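# Fold and contact review
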Amino acid sequence: MSTPQPPMQQAAPGAPYAGYTSPIPVVRTHLGHALASEWTKIKSVRSTMWTLGVFVLLVVGIGLLAGALVANSSAEGELGDENPLSLGFFGLLLGSMCIITLGVLTTASEYGTGMIRTTMTACPTRGRVLAAKAIVFFSVAFVVTLVAAAFVAFAQVGMVGDAREPSGEEWLKGTVGVSFYIALLGLLSLVVGSIVRHSAGAITIMIAAVLAPLVVAMFMFSSSLEDLRQALFEYSIPNQLSIFYANSLSETGPSGWDPLWIMLGVTAAAFAGAYALLERRDV
């Protein structure tokens, strides 16, 4: 004996499917939905935790090791004019590779797995998806870098007692400033990943952008290439990173907060290019 079926609900006038009304309320999507989606993705992917874990290990481990070596090997009063915060440079330089990798994977991995089709189906506004990825990744990268850099900075000041006390501006540049720069570098990697759409290719491009100018400049011995050699030294990413600790490789070129504005301009230009390509390309 068949079970009687309940009467079908009457659809509202003009509904696309007559005879059925979904119990799920239909709402217009906005940036908040895209942010929630990207936050769920980035925190649930295992590679995110591994990459950030290695980043913290490098920054904290190398930073504390450098502080311990300097504290135990320096003579009395030898570090009187030195800024102890500069010892955090080594860990951040190596750790930036982890942030670069994570930034690329945030976008390029979706193209590699085909997940981007599901993402764009759920949110057809492509610019909103790219903006949500950028906001979520930048926030995560900035907070993690700030916590690690600040911890190392306080530890090094305590370990290297013979060095002078850093000024307020040096504290700001050595914690907030350098964290902002590293997060922007990761954001640039995210944008490059969106442009290239290939994880290995985008990571290679970013590592080359970080290391190639400095390495190439080291072997430019010709006097006719001196101006180019100097420019490569001054505007290389390792040198820009060292400027936050007042340890520039040259006496000319960027200084103060200039590296932050340079990276901000480059990232903004790359983001505009990625947005334009995203609107023109097929998924």
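Shown above is the structure to which this text applies.
The present account deals with the structure reproduced in this document. Everything quoted here is computed from the prediction, not taken from an experiment.

Within the chain, the regular secondary structure consists of 10 helices and zero strands. The order of helices and strands in the chain, counted from the N terminus, is α-α-α-α-α-α-α-α-α-α. Taking the intrachain contacts of the chain between residues at least 6 apart in sequence as the baseline, contacts between residues at least 24 apart amount to 77%.

Right, let's talk about the packing of aromatic side chains for a bit. The final tally for this structure, using the stated rule, is eight aromatic pairs. The interplanar angle of 75° and the centroid separation of 5.9 Å between the aromatic rings of Phe142 and Phe180 together place this pair among those described as edge-to-face. Note that Phe142 is positioned in helix H5 (residues 126-159) and Phe180 in helix H6 (residues 168-196), a separation of 38 residues in sequence. For Phe142, a relative accessible area of 19% puts it in the buried group. Ring pairing ties together the aromatic residues Phe138, Phe142 and Phe180, which thus form one cluster.

Backbone phi values are negative for most residues with the exception of glycine, while trans is the configuration of most peptide bonds. Backbone geometry places Arg197, a non-glycine residue, at a positive phi of 65°. Inspection of the secondary structure assignment puts Arg197 in the loop between H6 and helix H7 (199-218).

For the rest of this paragraph, the subject is the side chain of Thr119. Among the structural elements, Thr119 can be located in helix H4 (residues 115-122). The contact partners of Thr119, leaving out residues within four places of it in the chain, are Glu38, Lys41, Glu110 and Val129.

Together, Ile207, Leu211, Val215, Met218, Phe219 and Phe221 make up a nonpolar patch on the protein surface, roughly 610 Å² of accessible area in all. Turning to its location among the elements, Ile207 is positioned in helix H7.

This brings us to the nonpolar core. The nonpolar side chains of a soluble globular protein tend to be buried with one another. By size, the foremost hydrophobic cluster in this structure holds 57 residues, and its most contacted members are Ile99, Phe137, Val178, Tyr181, Met206, Tyr245 and Met263. Within the residue set of this core, elements represented by two or more residues are helix H2 (46-73), helix H3 (89-113), H4, H5, H6, H7, helix H9 (237-243) and helix H10 (258-280). It is H5 that contributes the most residues to this core, 14 residues altogether. Apart from residues no more than four positions distant in its own chain, Tyr245 is found in contact with Asn83, Leu85, Ser86, Gly88, Phe89, Leu92, Gly174 and Val178.

With that settled, consider the pattern of salt bridges. Within this structure, the stated rule accounts for five salt bridges. Here Lys41 and Glu110 are joined by a salt bridge, their closest N and O atoms 3.2 Å apart. Note that Lys41 is positioned in helix H1 (residues 31-44) and Glu110 in helix H3, a separation of 69 residues in sequence. The class for Lys41 is buried, based on a relative accessible area of 18%.

What follows is about the environment of Ile262. Among the structural elements, Ile262 can be located in helix H10. For Ile262, a relative accessible area of 28% corresponds to the partly exposed category. Measuring from C-alpha to C-alpha, the distance between Ile262 and Gln240 comes to 9.2 Å, with 22 residues separating the pair along the chain. Apart from residues lying up to four places away in sequence, Ile262 is in contact with Tyr235, Gln240 and Pro254.

Quick look at H1 now. Structurally, the α-helix is built with 3.6 residues per turn, so residues lying three or four positions apart point the same way. The terminal C-alpha atoms of H1, which comprises 14 residues, lie 20 Å apart, in line with the 20 Å expected from a rise of 1.5 Å per residue. Along H1, the residues classified as buried are Ala34, Glu38, Lys41 and Ile42. For H1, the angular spread of buried residues about the axis comes to 90°, placing them on one side. Those residues of H1 that are buried lie in contact with H2, H3, H4 and H5.

Okay, the packing of H3 against H7 next. Remark: H3 packs on H7, axes separated minimally by 9 Å, with the N-to-C direction vectors making an angle of 150°. Considering the angle they form, H3 stands roughly antiparallel to H7. Viewed along their axes, H3 and H7 form a crossing whose handedness is right-handed. Residues Met97, Ile100, Thr101, Val104, Leu105, Ala108 and Ser109 of H3 form the contact with H7, whose participating residues are Ser199, Ala202, Ile203, Met206, Ile207, Val210 and Leu211. Residues belonging to the contact of H3 with H7 are distributed by class as follows: 11 nonpolar, three polar and no charged.

All right, on to H7 then. Counted at 1.5 Å a residue, the expected span for H7 with its 20 residues is 28 Å, and the 29 Å between its end C-alpha atoms agrees. Along H7, the largest kink reaches about 40° and is centred on Leu211; proline Pro213 follows within four residues of it. Turning to H7, its buried residues are Ala202, Ile203, Met206, Val210, Leu214 and Ala217. The inward-facing, buried residues of H7 contact H3, H6, helix H8 (226-235) and H9.

Another point: the environment of Ala66. Positionally, Ala66 belongs in helix H2. Residues Ala66 and Gly91, 25 residues apart in the sequence, show an inter-C-alpha distance of 8.9 Å. Here Ala66 is in contact with Leu87 and Phe90, once residues within four sequence places are set aside.

Each value, and the rule that gives it
- Residues numbered from 1 in each chain as written.
- Predicted model: local features only at pLDDT ≥ 70, side-chain atom pairs only at ≥ 80, totals over all residues.
- Heavy atoms only, no water.
- Helix = DSSP H or I, 4+ residues; strand = E, 2+ residues; numbered from the N terminus.
- Contact = heavy atoms within 4.5 Å.
- Phe/Tyr/Trp six-rings, centres within 6.5 Å; stacked < 30°, edge-to-face > 60°.
- Buried < 20%, exposed > 50% of the residue type's maximum accessible area, 1.4 Å probe, protein only.
- Patch = residues over 30% accessible without salt bridge, like charges linked within 9 Å, V, L, I, M, F, W, Y side chains within 5 Å.
- Areas by Shrake-Rupley, 256 points an atom, 1.4 Å probe, with all protein chains shown as cover.
- Salt bridge = Lys/Arg side-chain N within 4 Å of Asp/Glu carboxyl O.
- Core = buried A, V, L, I, M, F, W, Y, C linked by side-chain atoms within 4.5 Å.
- Expected span 1.5 Å × (residues − 1).
- Arc of directions from axis to C-beta.
- Axes fitted to C-alpha atoms, helices over the stretch in contact; angles between N-to-C directions.
- Parallel < 35°, antiparallel > 145°, perpendicular 65-115°, else oblique.
- Left-handed = near helix turned anticlockwise from the far one by under 90°.
- Nonpolar A, V, L, I, M, F, W, Y, C, P; charged D, E, K, R; others polar.
- Bend = angle between axes of the 7 residues up to and from the residue.

By themselves, these observations are geometric and do not establish any function.
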